[in-house]
Amino acid sequence: MTAADVLLLALGAVTVGSGVLVVTTKHLVRAGLYLVVCLGALAADYLVLTAELVAWVQVLIYVGAVVVLLLFAVMLTRAPIGSSDDLDRPGWPAALIGGGVGLGLTALLVDAYRWTTVQLPDAGTAERIGGEIFRSWVLPFEVLSVLLLAALVGAVVLSRPDIGRPAAEQPGRTEAGR
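Residues numbered from 1 in each chain as written. Predicted model: local features only at pLDDT ≥ 70, side-chain atom pairs only at ≥ 80, totals over all residues. Heavy atoms only, no water.

## Overview of the overall build of the protein
The criterion, for reference: By definition, any uninterrupted DSSP run of H or I lasting at least four residues is a helix, any uninterrupted run of E lasting at least two residues is a strand, and each is numbered from the N terminus. Categorising residues by exposure relies on relative accessible area from a 1.4 Å probe, with only protein chains included: less than 20% of the type maximum marks a residue as buried, more than 50% marks it as exposed, and the intermediate range marks it as partly exposed. The criterion used for residue contact is that any of the two residues' heavy atoms lie within 4.5 Å. Computed with a 1.4 Å probe, the accessible areas rest on the Shrake-Rupley method; for each residue, only the protein chains presented here act as cover.
The number of helices and strands found in the protein is six helices and zero strands. Going from N to C terminus, the protein has its helices and strands arranged as α-α-α-α-α-α. Split into buried and exposed, the 178 residues of the protein put 12% on the buried side. Expressed as a percentage of contacts within the protein between residues at least 6 apart in sequence, the contacts between residues at least 24 apart total 56%. Looking at the protein as shown, the accessible area adds up to about 13,700 Å², and 71% of this sits on carbon and sulfur atoms.

Pasting the structure below:
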């Protein structure tokens, strides 16, 4: 076992552990921070596998944008930050289903590959990947950016009850107060 294998296993353990903490914690902000650890460890896994472009895209898109968007959504909608007793449900059905799916996928992969090595193609360059993205996939990226912008504007509108109401109906405002 090489040092890269040990590092990959250690980072995988951090990824799985923080992923479990994401879904088991009762604090929403802590879940967001555990998600940062999980996605950061996954990016480190990509670095160990010498997929630098994928690692930095992971950091920029998921750690940088998705988690920040999640935390802004929590702040803008004034969601409860502490533990939620109304969301507590028994966790054993989810653990049973998740464990069964994990064991099933492990058995499927072991049966499919039978511990043989797989020859990988040469790694693509950032120039080749960027050319493919900006030639063939520009429109989906632009549509996604408009969708995320609309979601952010919607979150702001939902969090502000004074937007869209006439001034007379707004709480705390009177005709004399203008």
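Following the structure, the description resumes.
## A word on the packing of helix H1 (residues 3-24) against helix H2 (residues 28-48)
Quick note on the threshold: Helix axes use the C-alpha atoms of the stretch in contact, all axes being lines fitted to C-alpha atoms, and the angles between their N-to-C directions lie in the range 0 to 180 degrees. Should an angle fall under 35 degrees it is called roughly parallel, over 145 degrees roughly antiparallel, and 65 to 115 degrees roughly perpendicular, with every other angle called oblique. Definitions for this section: a left-handed crossing has its near helix turned counterclockwise from the far helix by less than a right angle. A right-handed crossing has that turn clockwise. For this scheme, ten residues count as nonpolar: Ala, Val, Leu, Ile, Met, Phe, Trp, Tyr, Cys and Pro. Four count as charged, namely Asp, Glu, Lys and Arg, and the remainder, Gly too, count as polar.
One can describe the packing of H1 onto H2 by two numbers: an axis separation of 8 Å at closest approach and a directional angle of 160 degrees. Considered as vectors, H1 and H2 are oriented roughly antiparallel to each other. For the crossing formed where H1 meets H2, the hand is left-handed. Between H1 and H2, the residues in contact are Ala-4, Leu-7, Leu-8, Leu-11, Gly-12, Val-14, Thr-15, Ser-18, Gly-19, Leu-21 and Val-22 and Ala-31, Tyr-34, Leu-35, Val-37, Cys-38, Ala-41, Leu-42, Ala-44, Asp-45 and Val-48, respectively. Grouping the constituent residues of the contact of H1 with H2 by class yields 16 nonpolar, four polar and one charged.

## Focus on helix H3 (residues 52-76)
Put simply, the rule reads: Here a helix's expected span is defined as the number of its residues, less one, multiplied by 1.5 Å.
If you check H3, its first and last C-alpha atoms are 34 Å apart, about what 25 residues at 1.5 Å a residue would give, namely 36 Å. Contacts from the buried residues of H3 go to H2.

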